Structures are given as C-alpha cells and as structure tokens.
Amino acid sequence: MTDRSIHNVVLVGAGGGIGRALLNALLADAGVERVITLSRRTHSSSDSRVIPLTWDSQAASPDEVQRALTGVLAPAIRIDTVIYAAGLLHDHDLAPEKRLQDVDPGALVKAFQINAVGLALVMQALRPWLGRVPLLRVMALSAKVGSIGDNRLGGWYAYRMSKAALNMLVANLAIELQRQYRSVACVAVHPGTTRTALSAPFQESLRQLEVHDPEDTAVNLLRILGGLGSDDNGRFLNWDGTELPW
C-alpha cells in the first residue's frame, strides 16, 4: 500500500489562532517529521521538528523565501503538505466594508496580498522541494464569503474579493500541479467560523452561527487533509467536508 502519511509540512500563517492550533495538532502526529512555519513573527517551539522562518507576504519575494528555505532544507527533502492559513479580515487599516464608498484602494491591495498573492509566492518558492511524493497536498484556508455563487448579502468587499481570488488561484494551481506531479490534491477549504482575533469584533453577530474553538477547527481541517486523494484536486470544501459553490 502506498504511504500517503503527512511527513514534511509547510504551514503559512502559523502565528494566527487557527495556525497555532494547526501546528499543535500536526505535532501531535508522530509521523510528522518536520513543520516549516512561515509567519510575520518568529515563534519558538520546544519541539525540534518545528523550523520557524519569518515571512511577510507583503514584503518577501519568492527568491527571498527560497533562500531562507535553502538554509534549513536539504535538497533531497520533499514537501508533501502545504497549508496556507494566512488571512486578513481587519486591522488598523482595514475594516469590513458595508458600502462601496467604504472601499479603500490601499486596504484592498493589502487584503489581496495576504489572502491570495502570498500563496502564489510560497508555491513559487517551494518548487525545488516539490514532487516525488505519493500525494502532494495543498490546502488553502478560504472563506464561505469568498464564494461568488453563495453571495446574497454583499458587503465585505476586500475580504470577499481577495478570498474569491484565492479560490481562483487554487483552481489554477490544481490544474498546473497535476500536470507536473500527477498525484495532487489542491483544495480551498472554509475552516468554519472560529473564535480567533479575526472574528473577535463580530461576537454579537456570531451568536446565530455555529462557532468553533481553534482546536476543534484544527481537528476538522486535518481530518479533511488526511482524507484527501487525487480525486479531490480542485475542490472547494466546507469545514465538514461538504462541497461549496465557487
């Protein structure tokens, strides 16, 4: 039987609420050999399998990321799993827009850089360490509000638009990676509404939704990740594994 276990992982956005929970869940798996974390702030770990690298999707070029990876990864190592958990909904420059008049060009560009462009840069940088694995898994944390087909409320322009762009990037990657490596599962996944700093300002409106703790979200995401096969390549999935409309 072909071994499709998770061994070498790149986790982008490990400093966020879901990212930290994913890191802990990955480290609970004895089969995981190393987790290369990319985040804006380097964090320490007592687990020797963690290789932390500082990375900013707004500043770092693929060449810079590749040079950093070259310093910590031997040429023979093959990455079998990439998880893109970086995301931006709000910060001091950006708040979810209720009207078109609220859209700010700089904030819009920032959302696109973090929510979509960053994955393209990381995948470019990882090229020397991809291939020759039983199954290459790429999981990008998208959002249900990034679904064009499911949009019935409008608003949240930067977040919706950038997550829709991420979805298109995943669809493109799914096609190209399959041509290059054959056995690929590249998917976009809505992680479900989760209690993190991202959702903190919206606690009142979240009362009517099913809200998960980060640890539960991580379990759900790794369950999906572990169950992926090449037949799942190019899908947009909900946190429970059901299909979402693009």
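Attention here is on the structure that accompanies the text.

Rules and cut-offs
- Residues numbered from 1 in each chain as written.
- Predicted model: local features only at pLDDT ≥ 70, side-chain atom pairs only at ≥ 80, totals over all residues.
- Heavy atoms only, no water.
- Helix = DSSP H or I, 4+ residues; strand = E, 2+ residues; numbered from the N terminus.
- Rg over C-alpha atoms; globule rule 2.2 N^0.38 Å.
- Buried < 20%, exposed > 50% of the residue type's maximum accessible area, 1.4 Å probe, protein only.
- Contact = heavy atoms within 4.5 Å.
- Areas by Shrake-Rupley, 256 points an atom, 1.4 Å probe, with all protein chains shown as cover.
- Lys, Arg positive; Asp, Glu negative; His and termini not counted.
- Charge placed at Lys NZ, Arg CZ, Asp CG, Glu CD.
- Phe/Tyr/Trp six-rings, centres within 6.5 Å; stacked < 30°, edge-to-face > 60°.
- Pairing = 2+ DSSP bridges.
- Axes fitted to C-alpha atoms, helices over the stretch in contact; angles between N-to-C directions.
- Expected span 1.5 Å × (residues − 1).
- Parallel < 35°, antiparallel > 145°, perpendicular 65-115°, else oblique.
- Left-handed = near helix turned anticlockwise from the far one by under 90°.
- Nonpolar A, V, L, I, M, F, W, Y, C, P; charged D, E, K, R; others polar.
- Salt bridge = Lys/Arg side-chain N within 4 Å of Asp/Glu carboxyl O.
- 1 Å grid on protein atoms, 1.4 Å probe; cavity = no way out; pocket = protein on both sides within 12 Å on 5 of 7 lines; lining within 4 Å.
- Points joined across faces, edges and corners; volume = space filled by probe spheres on them.

## Focus: the overall build of the protein chain
Then, in step 1: When its secondary structure is counted, the protein chain shows 6 helices and 7 strands.
Then, in step 2: Secondary structure of the protein chain in N-to-C order comes out as β-α-β-β-α-β-α-β-α-β-α-α-β.
Then, in step 3: For 246 residues, the compact-globule formula gives about 18 Å, and the C-alpha radius of gyration of the protein chain, at 17 Å, lands near that figure.
Then, in step 4: Along the longest, intermediate and shortest principal axes, the C-alpha atoms of the protein chain span 50 × 35 × 35 Å.
Then, in step 5: A burial count over the protein chain gives 50% of its 246 residues as buried.
Then, in step 6: Restricting to contacts in the protein chain with at least 6 residues of sequence separation, those with at least 24 account for 70%.
Then, in step 7: When the accessible surface of the protein chain is split by element, carbon and sulfur atoms take 52% of a total near 12,000 Å².
Then, in step 8: Across the protein chain, the centroid of the 24 positively charged side chains sits 3 Å from that of the 24 negatively charged ones.

## Quick look at the packing of aromatic side chains
Then, in step 1: Tallying each qualifying case throughout the model produces 2 aromatic pairs.
Then, in step 2: The interplanar angle of 70° and the centroid separation of 6.2 Å between the aromatic rings of Trp156 and Tyr159 together place this pair among those described as edge-to-face.
Then, in step 3: The class for Trp156 is partly exposed, based on a relative accessible area of 29%.
Then, in step 4: For Tyr159, a relative accessible area of 9% corresponds to the buried category.

## Considerations on the sheet that holds strand β6 (residues 184-189)
Then, in step 1: Strand order in the open sheet formed by 7 strands is β3-β2-β1-β4-β5-β6-β7, and the pairing between neighbours is parallel. At either end of the open sheet lies a strand with only one pairing partner, and these are β3 (50-54) and β7 (236-237).
Then, in step 2: The strands touched by helix α6 (residues 214-227) within the sheet are β4 (81-84), β5 (136-141), β6 and β7, with β5 carrying the most contacts at an inclination of about 150°.

## Thoughts on helix α4 (residues 157-181)
Then, in step 1: When the terminal C-alpha atoms of α4 are compared, their 35 Å separation across 25 residues agrees well with the 36 Å that a helix rising 1.5 Å per residue should span.
Then, in step 2: Within the span of α4, buried status applies to Ala158, Tyr159, Arg160, Ser162, Lys163, Leu166, Asn167, Leu169, Val170, Leu173, Ala174 and Leu177.
Then, in step 3: Taken together, the buried residues of α4 touch α3 (105-125), β5, β6 and β7.
Then, in step 4: Trailing α4 by a residue or two, Arg182 shows a phi angle of about 70°, which is positive.

## Regarding the packing of α3 against α4
Then, in step 1: Interhelical geometry of α3 versus α4 gives an angle of 15° and a closest axis separation of 8 Å. Classified by the angle between their axes, α3 and α4 sit roughly parallel to one another. Two packed elements cross with a definite hand, and for α3 against α4 that hand is right-handed. Residues Leu108, Ala111, Phe112, Asn115, Ala116, Leu119, Ala120 and Met123 of α3 form the contact with α4, whose participating residues are Ala158, Tyr159, Met161, Ser162, Lys163, Ala165, Leu166, Leu169, Val170, Leu173 and Leu177.
Then, in step 2: For the contact of α3 with α4, a count of residues per class yields 16 nonpolar, 2 polar and 1 charged.

## Here we look at the pattern of salt bridges
Then, in step 1: Overall, the coordinates contain 6 salt bridges when judged by the stated rule.
Then, in step 2: Between Arg34 and Glu33 there is a salt bridge, with the nearest N and O atoms lying 3.8 Å from each other.

## Side note on the layout of surface pockets
Then, in step 1: Quantified by volume, the second largest pocket comes out at close to 240 Å³.
Then, in step 2: Lining the second largest pocket, in full, are Ala120, Met123, Gln124, Arg127, Leu130, Leu169, Asn172, Leu173, Glu176, Leu177, Gln180 and Tyr181.
Then, in step 3: At the level of secondary structure, the elements contributing two or more residues to the lining of the second largest pocket comprise α3 and α4.
Then, in step 4: Counting residues per element, the lining of the second largest pocket draws most heavily on α4, which supplies 7 residues.
Then, in step 5: For the lining of the second largest pocket, the residue count by class is 7 nonpolar, 3 polar and 2 charged.

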